[in-house]
Amino acid sequence: MFENILPLYGLNSDKATVKLFGDGLINHTWKVTTDTQNYILQKVNNEVFKMPKDIDRNISLIKQYLDVEYPNYLFVSPVSDLKGRSLLDTESGYYRLFPFIEGSTSLNSLTNKEEAYEAAKQFGKFSKILDGFDAKQLSITIPDFHNLELRYNQFLTACENASAERLEKAKDSIAFITAHKGIVDTYIKIVTNNEIPLRVIHHDTKINNVLFDDKNNGLCVIDLDTVMPGYFISDVGDMMRTYLAEASEEETDLSKISIRKEFFNAIYDGYMEEMNDVLTETEKQYFTYSGKFIIYMQAIRFLADYLQNDVYYGSKYEGHNFNRALNQIQLLKEYIKLEGEL
């Protein structure tokens, strides 16, 4: 496959070394090493991203804007092939080539609050510099990705159609989710009343989507496939969900799940350093809500998938998605306990 792709970029596949790179779960990624420059080659998962050309168009539009307005910002966009294409549509799938940013690194987990601060600052900076860009120009790359009302209705449908055995096992979790439907009601109020503006939002603010330099300073955000119109609560909430607990979403010992308040403060400080003058006063009122919004939604998605016999996320062992749901429910409980302090 590589011998057919690399020459399209003017690269000699016989003299290039290609190795799997990173541990992303969606796209296939390789590092391409040549005599003169290194690259990242990626095959787009068009089962998840149904319209890869929309992603390519989004990235191109943002690049055009940043080249004019913020030419010094490190925006890692695909390089063009010999025909000027930034996305290759081939018989074996969709491919794109990125420059490898030398001296950069990405993290798979957070070890200190400074890393959380740097990451939050980079995601805040990304939205800040695109504040003057009309988000409505961008295509929706994953429809209803963070539509909490839809996710809740899907959960209700899953409850209606689940087996008696799974319903019985999950009854306490189902009761918790339904008891906290107020989180959904707040979301509906926000979007129905247009209380907060649409912005260019990354939508996937895991720590491994930030590049750091050798001194652990944030450089930029990467993995732009989910960049589309959205609300700031998506980016902030996803940082809350994935940064606040030391334990991962795979942890089954619920006693290990707790909220690191100093990490919350780091997220706030980093994000607001960039976005304080951009966010409206109404948006600022929903900063803490954003954590509940995303944690609750992920709990719903894991629980609904369990009730539907693990058709979306799959299951590595019996009860895998149920355990993930319990994990996120516990995280939400701990978050709600501290909400006043946060």
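Residues numbered from 1 in each chain as written. Predicted model: local features only at pLDDT ≥ 70, side-chain atom pairs only at ≥ 80, totals over all residues. Heavy atoms only, no water.

In this model helix α9 (residues 261-275) runs 21 Å from its N-terminal to its C-terminal C-alpha over 15 residues, within 8% of the 21 Å that 1.5 Å per residue would give. Along α9, the positions that sit buried rather than exposed are Phe263, Phe264, Ala266, Ile267, Gly270, Tyr271, Met272, Glu274 and Met275. Where α9 is buried, its residues touch α3 (113-129), β6 (199-201), α8 (232-243), α10 (281-285), α11 (287-307) and α12 (320-337). (Helix = DSSP H or I, 4+ residues; strand = E, 2+ residues; numbered from the N terminus. Expected span 1.5 Å × (residues − 1). Buried < 20%, exposed > 50% of the residue type's maximum accessible area, 1.4 Å probe, protein only. Contact = heavy atoms within 4.5 Å.)

The next thing to look at is the environment of Asn46. Its place among the elements puts Asn46 in the loop between β3 (38-44) and α2 (52-69). In this structure, the C-alpha to C-alpha distance between Asn46 and Tyr94, residues 48 residues apart in sequence, is 7.8 Å.

Right, let's get into the pairing of β3. With 6 of 7 residues buried, β3 is to be regarded as a mostly interior element. As judged from the 6 bridges shared by strand β2 (residues 28-33) and β3, these two strands associate in the antiparallel manner. The residue of β3 that forms the bridge with Trp30 is Leu41. The antiparallel pairing of β2 with β3 creates a hairpin that spans 4 residues between the two strands. In this structure, β3 lies alongside strand β5 (residues 93-99), joined through 6 bridges in antiparallel fashion. From the neighbouring strand, Gln42 faces β5, where its bridge partner is Arg96. (Pairing = 2+ DSSP bridges.)

Let's shift gears to the layout of surface pockets. A volume near 220 Å³ is recorded for the second largest pocket. Phe145, His146, Asn147, His203 and Pro229 are, among the 16 residues lining the second largest pocket, the residues nearest its centre. Its residues assigned to classes, the lining of the second largest pocket shows 10 nonpolar, 5 polar and 1 charged. (1 Å grid on protein atoms, 1.4 Å probe; cavity = no way out; pocket = protein on both sides within 12 Å on 5 of 7 lines; lining within 4 Å. Points joined across faces, edges and corners; volume = space filled by probe spheres on them. Nonpolar A, V, L, I, M, F, W, Y, C, P; charged D, E, K, R; others polar.)

Within the largest apolar cluster, 100 residues are counted, with the highest numbers of intra-cluster contacts made by Leu148, Phe155, Ile177, Tyr271 and Leu307. Of the residues that make up this core, three or more belong to each of domain 1 (1-100) and domain 2 (106-339). Counting 12 residues, the second largest nonpolar core, distinct from the first, contains Leu6, Tyr9, Ala16 and Leu97. (Core = buried A, V, L, I, M, F, W, Y, C linked by side-chain atoms within 4.5 Å. Domains from an automatic or database assignment.)

This paragraph deals with the domain arrangement of the protein. When the parts come together, some accessible area is lost, and that loss is often what is quoted as the size of the interface. As assigned here, the protein comprises domain 1 (1-100) and domain 2 (106-339). Between domain 1 and domain 2, the residue contacts involve 19 residues of the former and 22 residues of the latter. Regarding the contact of domain 1 and domain 2, the summed buried area is about 1900 Å², with carbon and sulfur atoms giving 65% of it. Broken down residue by residue, the surface that domain 1 buries against domain 2 is led by Ile62, Tyr65 and Tyr73, which jointly contribute 30%. Arg96 is the partner of Asp225 in a salt bridge, and the nearest nitrogen-oxygen pair spans 2.7 Å. Our enumeration of links across domain 1 and domain 2 arrives at 5 residue pairs in polar contact (both at pLDDT 80 or more). Split by residue class, the side of domain 1 that touches domain 2 holds 13 nonpolar, 2 polar and 4 charged. (Buried area = accessible area lost by both parts, 1.4 Å probe. Salt bridge = Lys/Arg side-chain N within 4 Å of Asp/Glu carboxyl O. Polar contact = N/O pair within 3.5 Å; in protein donor to acceptor, adjacent residues only side chain to side chain.)

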